[in-house]
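Results of the structural survey
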Amino acid sequence: MNNSVPEIGSPARTKAILSRYRLVAKKSLGQNFLSDLNILRNIVNAADVTDNDNVIEIGPGIGALTEQIAKRARKVVAFEIDENLLPVLDETLMDYDNVKVINQDILKANLPAVIKDEFEPGHPVKIVANLPYYITTPILMGVLQSGVSFDEIVVMMQREVADRLVAEPGTKAYGSLSVVMQYRAHVEVAFEVPRTAFIPQPNVDSAIIRLTPREPLPVKPYDDQALYKFVKGCFAHRRKTLWNNLQGIFGKQPEVRERIEAVLKDVGISQQLRPERLTLINFIELTNAFHNEGLM
Ligand code: SAM
């Protein structure tokens, strides 16, 4: 690397790249370029990236985070949907021979196949990214359901969404997203990032979330998709009681109400609770109990 050229994520270099390529950040693609070297390095630190790790990045933009990952990782494969950024990345990352950019929508990517084709087996696989915020949830759900077991996922997202991912039962932010994510992974906030760290500045603050494989649960749902659907249904009207929401899911006929009542009694959960009081284990037990009762 030519030492006289500042790194991509420095404000001066970011501005120079944007102006040289006459790039106007596309709001529709969530393009807010992180331009603070300390924060970029701290994201890579949060994922504890070493030269033994293979890393997937989602949305490299002009390459600021990619560069910091490439300096530490074995190999980086970055998915970028915007083809206008390809010539930019070719230039900004030309000194790194361990980077491959794939011009594809991450939501359409076949991650297991890419990992098999691009990465030598036997090394940890991590995801490190400053996500396009408009599709944070579908990306995370897609990644967690892809069947690939990631050693670590460290991603930046809107702070409000991060708050929902880590929320505990009984709090305002706790909802179906918290339950489903916490079912799939151990989730924690690594650190927060102010909007002033980006060019252009977004209207929201951000946070870095770290997802690691979670310890096995004492109970398993009979089917993952059934659990997700059930949790969503329970939170359909979060101000109403669990009892009301369950009738919304299964129906209000006297015979159905009796069966709902019996299941709640069996599992030991009060009808009058609001859905945000239920723990992940409660949701799993209820899913299985309603399944055994023949209601789902
Ligand atoms: N990594 C860069 C950084 O930290 O400055 C840019 C992050 S920017 C918040 C999000 C990036 O994701 C943009 O480069 C955008 O073009 C890209 N992107 C948006 N939707 C995408 C999708 N469906 N698949 C892949 N990349 C996408």
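Definitions and limits used
Counting restarts for each chain: residues are numbered from 1 in the order of the written sequence. Where totals are concerned, whole chains, interfaces and linings use all residues; where local detail is concerned, this predicted model gives features only for residues with pLDDT of at least 70, and gives and counts side-chain atom pairs only at 80 or more. Excluded from the side-chain calculation are hydrogens and water; included are all heavy atoms of the structure. Per the annotation, domain bounds derive from an automatic or database assignment of domains. Any pair of residues with heavy atoms lying within 4.5 Å of one another is described as a contacting pair. In this description, buried area is defined as the sum, over both parts, of the accessible area (probe of 1.4 Å) that is lost when the two are combined. By convention in these notes, a salt bridge is any Lys or Arg side-chain nitrogen within 4 Å of a carboxyl oxygen on Asp or Glu. Residues belong to a common nonpolar core when they are buried Ala, Val, Leu, Ile, Met, Phe, Trp, Tyr or Cys residues joined through side-chain atoms within 4.5 Å. Note on exposure labels: buried denotes an accessible area under 20% of the residue type's maximum, exposed denotes more than 50%, and partly exposed covers the range between, all computed with a 1.4 Å probe on protein chains only. For helices the rule is a DSSP run of H or I covering at least 4 residues; for strands it is a run of E covering at least 2, with both sets numbered from the N terminus onward. To be near a molecule or strand, a residue needs just one of its heavy atoms within 4 Å of it. Think of a polar contact as two N or O atoms within 3.5 Å of one another; within protein, one of them needs to be a possible hydrogen donor and the other a possible acceptor, and neighboring residues in sequence only count if both atoms come from side chains. Values of accessible area rely on a 1.4 Å probe in the Shrake-Rupley scheme; residue burial ignores everything except the protein chains shown. Charged residues are taken to be Asp, Glu, Lys and Arg, nonpolar residues to be Ala, Val, Leu, Ile, Met, Phe, Trp, Tyr, Cys and Pro, and polar residues to be all remaining types, Gly included. Every definition here rests on a 1 Å grid over the protein atoms only: cavities are sets of points where a 1.4 Å probe fits but cannot get out, pockets are open sets enclosed by protein on both sides within 12 Å along at least five of seven lines, and lining residues have some atom within 4 Å of a point. Grid points are joined across faces, edges and corners, and a volume is the space filled by probe spheres set on the points. Axis lines are fitted through C-alpha atoms, for helices just across the contact stretch, and the angle between N-to-C directions can take any value from 0 to 180 degrees. When describing relative orientation, an angle under 35 degrees is termed roughly parallel and one over 145 degrees roughly antiparallel, while 65 to 115 degrees is termed roughly perpendicular and anything else oblique. Note on convention: the crossing is left-handed when the near helix lies turned anticlockwise from the far helix by less than a right angle, right-handed when the turn is clockwise.

Domain annotation for the protein chain reports domain 1 (11-212) and domain 2 (224-292). The centre of domain 1, based on its C-alpha atoms, is set 35 Å off from the matching centre of domain 2. Contact residues are listed per partner, giving 14 residues for domain 1 and 15 residues for domain 2. Carbon and sulfur atoms make up 62% of the surface buried where domain 1 meets domain 2, a total of about 1100 Å² over both sides. For domain 1, the biggest contributors to the area lost against domain 2 are Tyr174, Val179 and Tyr183; these three give 43% of the whole. Joining domain 1 to domain 2, the criterion identifies one salt bridge.

For the rest of this paragraph, the subject is the nonpolar core. Counting residues in each nonpolar core, the largest one holds 65 residues, and the members touching the most others are Leu211 and Phe283. The element contributing the most residues to this core is helix α12 (residues 280-292), with six residues. Looking at which domains feed residues into this core, each of domain 1 (11-212) and domain 2 (224-292) gives three or more. Look past the residues within four positions of Leu211 in its chain and what remains in contact with it is Leu140, Leu144, Glu152, Ile153, Val155, Met181, Ala185, His186 and Val187. Formed by 37 residues, the second largest nonpolar core is a distinct cluster that contains Leu23, Ile69, Ala73 and Leu93.

As a further point, take the site of the ligand. Around the ligand, the structure places 23 residues, and the nearest of them are Leu34, Gly59, Glu80, Asp105 and Tyr134. Note that an oxygen atom of the ligand is positioned 2.8 Å from one of the backbone N or O atoms of Leu34. Relative to its unbound accessible surface of 600 Å², the ligand loses 99% to contact with the protein. Looking at the shell around the ligand residue by residue, the class counts come to 12 nonpolar, seven polar and four charged.

The space that makes up the largest pocket amounts to roughly 390 Å³. For the largest pocket, the lining is made up of 20 residues, of which Tyr183, Arg184, Ala185, Pro213 and Arg214 are closest to its centre. For the lining of the largest pocket, the secondary-structure elements that each account for two or more residues are α6 (136-145), β6 (152-158), α8 (176-184) and β9 (206-213). Considering every element that reaches the lining of the largest pocket, the biggest residue donor is β9, with three residues.

Interhelical geometry of α8 versus helix α9 (residues 224-234) gives an angle of 155 degrees and a closest axis separation of 9 Å. When the axis of α8 is compared with that of α9, the two are roughly antiparallel. Pair α8 / α9 crosses with right-handed handedness. Each of Ser176, Val179, Val180, Tyr183 and Arg184 in α8 lies in contact with α9, whose residues at this interface are Asp224, Leu227, Tyr228, Val231 and Lys232. Here the contact of α8 with α9 is built from residues that sort into six nonpolar, one polar and three charged.

Bringing empty space enclosed by the protein into the picture now. Under the defined criterion, the tally for this structure stands at one cavity of 30 Å³ or more. Estimates place the volume of the largest cavity at around 370 Å³. Forming the walls of the largest cavity are 28 residues, and the residues nearest its centre are Gly59, Pro60, Gly61, Glu80 and Asn130. Going through the elements one at a time, β1 (33-34), β2 (54-58) and α3 (64-72) are the ones with two or more residues in the lining of the largest cavity. Here the residues of the lining of the largest cavity are counted per class, giving 18 nonpolar, seven polar and three charged.

Among all positions in helix α2 (residues 37-46), only Leu37, Ile39, Leu40, Ile43, Val44 and Ala46 are buried. The backbone nitrogen of Asn38 has a side-chain oxygen 3.0 Å away, supplied by the residue at the start of α2, namely Asp36.

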